[in-house]
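This is what each chain is made of:
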Amino acid sequence: MPQLCFRFDEFELDTESCELLRSGHHVKLERIPMQLLVLLLENPGKLVRREAIIEKLWGSNVFVEAEHSINTAVNKLRAILHDDSRNPRFIRTVVGQGYCFIAKVDVLEPVETGSRESSSGAADRQETFHTMPSIVDNKFLAGLSTEEEPVETIDDPETIEVEPPLQEASTVTIKKPFHSKAGMVAGFIGSFAALLIIVVVIYLPHRQEKATQSQPEAGALHSVAVLPFRNLAQTSEQDYLVDGMTDQLTTNLARRTSLRVISQRSAMQYKGVQKPIQEIAKALNVDAIVEGSYLRAGKQVRITAQLLDAHNDQHLWAQTYDESDKDLLAMQDQVTNDIAQQVAIALGSRFARSKLRTVNPRARDAYLRGRYFWNERTLAALTNSVKYYTAAIREDPNYADAYAALAEAYVLLSIYGGPDPSIPLWKAQYAAERALDLDSSLGEAHTALGAVKTDRDWDWAGAEKEYQRALQLSPDDPTAHHWYSLHLSRLGRTREAEVEIQRALALDPLSFIINADAAETAYWARNPNEARIRVGAVLALNPNFTEAHLVKGKILEQLHQYKDAEAEFQTAKSLFGGGANIDALRVHAMALGGERAEALKAVQHLESEPPQAYVSGVDIGEVYCGLQQTDDAMKWLNRAYQRRDKGIDIVGIDPLFDGCRSDPRFNDLLNQLKLTPSKVQADGRQP
């Protein structure tokens, strides 16, 4: 039978000589990947099932470790062809079933003559050309729905790894039985021969190849970031679904693996951004990157995902999921669960299995919309997130995750949302306790309760227990580390606070608010030079971040640069659109800078604000501390204590109140707040 030659793209394959050429240049390809390529080229545009691959490459009477061996061959072949599993030109994975060669293939069929070759060795051929069908790359695999088998829970973990070492070759065994003594001897010899052949043709060449490759060792990659999945649809109406899927995958990895998983908030900085993987990984300080895409077309959904070694941009695993949108949200749950599991396997991490809870689809949809707005972190977005979380709970009163998310949203609203923080904090407490009644493993609910006990109750010991429990349950939750750090700073435990804020940054390195609070943590610890470096890094990321300008103003004041501090507070006021607390900070800088008359006039204006305009007694008290008018300062600080005004819990640590620390009444106030006066000395230095 005449041998065939195949041509596809810039490649040409001669099956007689087993020679692969790229643009006329020889390309080295091992025997097993070569046989796989021939099989795929013989069936262009068709699904080649995994069973057929095993039969062709290893034979029907041999048992092989199929998952490992097939995936290794596929990945080697993709590496040689420079094929991207995320956006393949040549080989497309059909999840759990097999592979399809999707490029246009030309077949060059030689016609045999009386003599195959002349005495000079030149081929004596006539060639006819046949064009084989191809599949359009941007469409779903047509016609596969009638052939597909049920998708397995774990399928096709295409990790790039070496062939099993010599001692593992015993997994290859002969299935045909032997019934006589001679047969047993022959069987033994045959088995041994087969074993030697497999070792020679599979293991030894790969052992040589391993020396030239930089494959990561199992367990060598300990951290991962999930970049925002790309929405390939023409409409943005599905953005909340796609972002929700990214969020869910991040949460699954954080909750159920031993990996350090970067927060979605930091990863979202790269939504729609085209940057090299290694550059992104360096900014996020991770070993591996997960990225993917989402396309919903008609009643079909295609989700692709791939795992990359961030050190060398090498593919570790890739998968394509072609699904029906009949039960869209349940399907997404299953896919994200499978991706998380495959990522864990590829990175050598444990994976804690858990049963997926069935959620009312309308509740799940509302929850995803709430998460979408929560991640924007503005007052309007937080208000919308509360609306959607409430709608989710209305649809499913037993939706624990929605209650926990609602609790954290209310905690933030107590800061951003109006004059009386106690109302949203009461709501946060109810939502968090209800979440824990439904699911005691939700660390986010304990984080919210820790904030409630800190901000509303001044129950420092109770808050500590909640934060520590939250971190036991969700050690990769940056919000838990962040809020716990703020709690420790309030108590003057600045070294512990620094440890926690750094842990938060390791998990959410591009979060503007965590970076700004890291600067303020150094400021509270009386380390203004380090604080200035940190806040400068935040403003380099986002020059219009109001909180960073406020922190920078306080740092400059601590460095006695009062005019520059005033300018920063004025910038913050312009960005935020006003605010009595910002005015108070600016007036405090004026007081320390020697502008006493102007500062007195300004603080009196703050005192005369109409009742409906909320001004915290803490803000007015800090100005009088700056003016060293302690009688007026203590009057307003005590009023703030009685009214539980915003900011009263930071008076023990913030340098803004250093002008009042020598007054015994100030220490009395700290005692009432259950804060230890000795944590900061009267001159503002750490003891």
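Residues numbered from 1 in each chain as written. Predicted model: local features only at pLDDT ≥ 70, side-chain atom pairs only at ≥ 80, totals over all residues. Heavy atoms only, no water.

## Things to note about the sheet that holds strand β8 (residues 98-101)
Threshold: Note on pairing: two strands pair once DSSP finds at least 2 bridges between them. Put simply, DSSP marks the helices as runs of H or I at least four residues long and the strands as runs of E at least two long, and each gets a number from the N terminus on. Lines are fitted to the C-alpha atoms to define the axes, a helix being fitted only along its stretch in contact, and any angle between axes, read from their N-to-C directions, falls within 0 to 180 degrees. It only takes one pair of heavy atoms within 4.5 Å for two residues to be counted as in contact.
One open sheet accounts for 3 strands, arranged β5-β8-β7; its pairing is antiparallel. With one partner strand each, in any of the chains shown, β5 (47-49) and β7 (91-94) form the two edges of the open sheet. When strand polarity is set aside, the average angle formed by the axes of neighbouring strands in this sheet is 30 degrees. Across 3 bridges, the pairing between β5 and β8 is antiparallel. Looking at the pairing, leucine 47 lines up with cysteine 100 of β8. Each of β5, β7 and β8 is contacted by helix α1 (residues 31-41), which is oriented at about 65 degrees to β8, the strand it contacts most. Where helix α2 (residues 50-58) meets the sheet, its contacts fall on β5 and β8, and the angle it forms with β5 comes to roughly 65 degrees.

## As for the state of the cysteines
By definition, a disulfide is the covalent link that joins the sulfur atoms of two cysteine residues. To be explicit about the condition: Only a pair of cysteine sulfur atoms within 2.5 Å qualifies as a disulfide here. Summary of the burial criterion: residues with accessible area below 20% of their type's maximum are buried, those above 50% are exposed, and those between are partly exposed, where the area comes from a 1.4 Å probe applied to protein chains only.
For the structure shown, the criterion picks out 1 disulfide. Each sulfur of the disulfide joining cysteine 625 and cysteine 660 lies 2.0 Å from the other. On the sign convention where negative is left-handed, the bridge of cysteine 625 and cysteine 660, at about -110 degrees about the S-S bond, is left-handed. Placement of cysteine 625 in helix α23 (residues 617-626) and of cysteine 660 in the loop between α24 (630-643) and α25 (664-672) is noted, with a sequence separation of 35 residues between them. As far as burial versus exposure is concerned, cysteine 625 and cysteine 660 are alike and both buried.

## Re the packing of aromatic side chains
Applicable threshold: Aromatic rings from Phe, Tyr and Trp, with only the six-membered ring used for Trp, were paired whenever their centres fell within 6.5 Å, and each pair was classed as stacked if the ring planes differed by under 30 degrees, edge-to-face if by over 60, and tilted otherwise.
In the structure shown here, the tally under the stated rule is 12 aromatic pairs. Between the aromatic rings of phenylalanine 512 and phenylalanine 545, the centroid separation amounts to 5.7 Å while the plane-to-plane angle is 45 degrees, which identifies the pairing as tilted. Of this pair, phenylalanine 512 sits in helix α17 (residues 512-524) while phenylalanine 545 sits in the loop between α18 (528-541) and α19 (546-558), and the two are 33 residues apart along the sequence. On the accessibility criterion, phenylalanine 545 (17% relative accessible area) is buried.

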